[in-house]
Amino acid sequence: MTAQLTASDLTKSYEGRLVLDSVDCSVPVGECLGIVGENGSGKSTLLRLLAGAECPDRGEVVLHAEGGVGYLAQEESLPPHLTVQQVVDRALAELRALERDLRRLEARMAGGDATAETLTVYADTLTAFELRGGYDADARVERSLHSLGLPGLPRERAVGGLSGGEAVRLRLAVLLAAAPEVLLLDEPTNHLDGAALTWLEDQLRGRRGITVVVSHDRVFLERVATSLLEVDGDLHRTVRYGNGYAGYLAERAAERRRRAEAHTAWRAETARLRETATVTARRVAPGRAMKDGNKMAYDRAAGRVQQSLASRVRNAEERLARLLARPVPAPADPLRFTAVPRTATATAAAGPAGSGDVRRVLLAAAGVAVEDRLAPVDVTVPAGGRLLVTGPNGAGKSTLLHVLSGALAPDLGQVVRHGRTGLLAQHTGADTCRRTLLAAYAEGRPGTPEEHAERLLSLGLFTHDRLSAPVGSLSVGQRQRLALARLVTEPTDVLLLDEPTNHLSPTLAEELEEALARFTGAVVVVSHDRRLCARWPGDRLALRAPASAAARACP
């Protein structure tokens, strides 16, 4: 079997909003291509186009796979009336059809029809069946269900009774069991625990066909992807990087260095041309002695010198004008937080154990709780402290951050703050106002629009042409960048970050981690990002769901 997946000149818009513009992509057999980019950049759109689930406005996709195509959509819903067994049968339909063809051909040959044509068809069908592992397909279903956290799932159970996470894992399990030659996965790591993630990574690394995966999980990409395709949500184009996730990071770093070198060279050349244009005209060597008393020859020579200098000045001015008309911008400075951390000793009203110890505390919460959302918890954050908050969905992680920031009053307990807190919420919400991105960034801040624009552009999070875009037209990732831009430019003592890497591109997520490492104030982060959690340098707090919420979650 030889698969082919090629896309050329793909362009796609929704209601007049351009998402992808002239995108080209080719995936050879044996490659696992990771598609990355911020939320809303067009990753899922590109995967739908590659899968044939949608048609492009322009361009074409060539997808050929004798061994079948499997597509896991991020938002697909299974018909609730189907049973688990029917979902399995639907996923294995092609293998079941191949098996029926084999049995039919075997019956024909047993009945005396053993012609060369029949034997050839039988051999081809048997090869296709064996290459896709048809004989152990049912065993693969059981292994997949068990490895993805669904052991013993009753086959007669209706999928309408499954939780959202269980339904996603069921779809993924049967898709992997079908062993298609081309596998297209949109965020397959969602709803998986550590053991299931490791199993999935092993399965994908061992595949022989074509694999294309949309993912925000940097550890997953590092372990699985052989190359990466980044979708730029601002330019609506893609850039391909080889050598896996490490190669992607290395090439992005090299790109920054090249831009810095190009900017330095541009500045040096413009300075040289300015000097040529302003100084050369004065280099006539006045008072040069007349050697032979021939004034006419002397004047002619002086005229030639003046003409030559004028030509050099004119050429320098023309080249300078061209360079200034097309400036080479410097790469943005690395992302950093503005901080004025407190150094004075503060007295916490109540420490984690109610000890009342005197510490350099910026933020202290004693027994804070919110009904049905957050069980009682104590938190103490000293100056320079680092706290990572983890826990299952429904444990109240986001609720805790809102309580600590003062955006939400607790039903029980109290919070004492001795510094300025800055909150980066997980969901920024859609803004339907017609205000521009620049106006939203500048809201409530002193200064002129020009000053705000200069500061915002210096972060490298947006290009100049985006400043006038209505906030309502921004993607999820762009709105997150806007919120991040406001946070990093506001002096803060305690940063409260709720899943800060969720909607960002991998490079910006890496840059954000580096900025947090340099931040001298205190940091409280809620995150399930495996890479961030593995490298976390500070304390950890694991929350549990409130008893009432846990009871509702039980079947």
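Residues numbered from 1 in each chain as written. Predicted model: local features only at pLDDT ≥ 70, side-chain atom pairs only at ≥ 80, totals over all residues. Heavy atoms only, no water.

An unreviewed UniProt entry lists the chain under the name Macrolide transport system ATP-binding/permease protein, from Streptomyces avidinii.

1. Side note on the overall build of the chain
The following threshold applies: Under the DSSP-based scheme used, a helix requires at least four consecutive residues in state H or I and a strand at least two consecutive residues in state E, with every element numbered from the N terminus. Each residue is placed in one exposure class: buried if its accessible area under a 1.4 Å probe, protein chains only, is under 20% of its type's maximum, exposed if it is over 50%, and partly exposed if it falls in between. By definition, residues are in contact when any of their heavy atoms lie within 4.5 Å.
Summing up its helical and strand segments, the chain has 17 helices and 19 strands in all. Out of the 555 residues in the chain, the part that is buried amounts to 45%. Of the contacts formed within the chain by residues at least 6 apart in sequence, a portion of 71% connects residues at least 24 apart.

2. Notes on the nonpolar core
We apply this condition: To form a nonpolar core, buried Ala, Val, Leu, Ile, Met, Phe, Trp, Tyr and Cys residues must be joined to one another through side-chain atoms within 4.5 Å.
L170, L172, L185, L200 and L204 are the most contacted members of the largest nonpolar core, which totals 42 residues. The dominant element in this core, judged by the number of residues it contributes, is helix α6 (residues 164-178), at 8 residues. For L185, the residues in contact, after removing those within four places along its chain, are L47, L72, L172, L175, L204, V212, V213 and V214. Formed by 35 residues, the second largest nonpolar core is a distinct cluster that contains A440, L467, L512 and C533.

3. Description of the packing of aromatic side chains
The description of an aromatic ring pair uses the distance of the two centres, along with the angle that the planes make with each other. Applicable threshold: Two aromatic rings from Phe, Tyr or Trp, using only the six-membered ring of Trp, form a pair when their centres are within 6.5 Å; if the ring planes differ by under 30 degrees the pair is stacked, by over 60 it is edge-to-face, and anything between is tilted. Whether a charge sits over a ring comes down to the Lys NZ or Arg CZ being within 6 Å of the ring centre and within 35 degrees of the ring normal.
Taken as a whole and assessed by the stated rule, the structure comprises 4 aromatic pairs. Ring centres 5.8 Å apart and planes at 35 degrees place the aromatic pair Y245 and Y248 in the tilted group. With Y245 and Y248 both in helix α9 (residues 244-279) and 3 residues apart, the pair spans about one turn of that helix. On the accessibility criterion, Y245 (1% relative accessible area) is buried. In this structure an aromatic cluster arises from ring pairing among Y241, Y245 and Y248. Just above the ring of Y441 sits the side chain of R445; from NZ or CZ to the centre is 5.0 Å.

4. Quick look at α9
Heads up, the rule is: One fewer than the residue count of a helix, multiplied by 1.5 Å, yields its expected span.
Under the 1.5 Å per step criterion, the end-to-end length of α9 is 52 Å for 36 residues, consistent within 8% with the ideal 52 Å. For α9, every residue scored as buried is listed here: G244, Y245, G247, Y248, A254, H263, W266, T270, L273, T276 and A277.

5. So, the sheet that holds strand β7 (residues 210-214)
So the rule is basically this: Two strands qualify as a pair provided that DSSP identifies no fewer than 2 bridges between them. The axes used here are C-alpha line fits, helices contributing only the stretch in contact, and every angle between their N-to-C directions lies in the interval 0 to 180 degrees.
The sheet built from 6 strands is open, its strands ordered β5-β6-β7-β3-β8-β9 with mixed pairing. What marks the edges here is a single partner per strand, and that holds for β5 (69-72) and β9 (237-241). Here the strands of the sheet are splayed against their neighbours by 15 degrees on average, with no regard to which way each runs. Two strands pair when backbone bridges link them, and strand β3 (residues 32-36) and β7 are joined in this way by 4 bridges, in the parallel orientation. Looking at the pairing, C32 lines up with T211 of β7. Across the sheet, helix α1 (residues 43-51) is in contact with β3, β5, β6 (182-186), β7 and β8 (227-232); its angle to β6 comes to roughly 155 degrees. Strand contacts of α6: β5 and β6, with the helix running at about 165 degrees to β5, the strand carrying the most contacts.

6. Things to note about helix α11 (residues 397-405)
Each full turn of the α-helix corresponds to 3.6 residues, which orients residues three or four apart in the same direction. The element α11 is largely enclosed, with a buried count of 7 among its 9 residues. Those residues of α11 lying buried are K397, T399, L400, L401, V403, L404 and S405. Backbone geometry just after α11 places G406 at a positive phi near 95 degrees.

7. Here's the deal with the confidence of the model for the chain
Defined as follows: Values of pLDDT, which run from 0 to 100, indicate the predictor's confidence residue by residue.
In the predicted model, the chain carries a mean pLDDT of 87, and 88% of its residues have values of at least 70. With pLDDT under 50 throughout, residues 342-359 is counted as low confidence; its partners more than four residues away or in other chains account for 34 contacts. Segment residues 550-555: pLDDT under 50, and 2 contacts once partners within four positions in sequence are set aside and those in other chains are kept.

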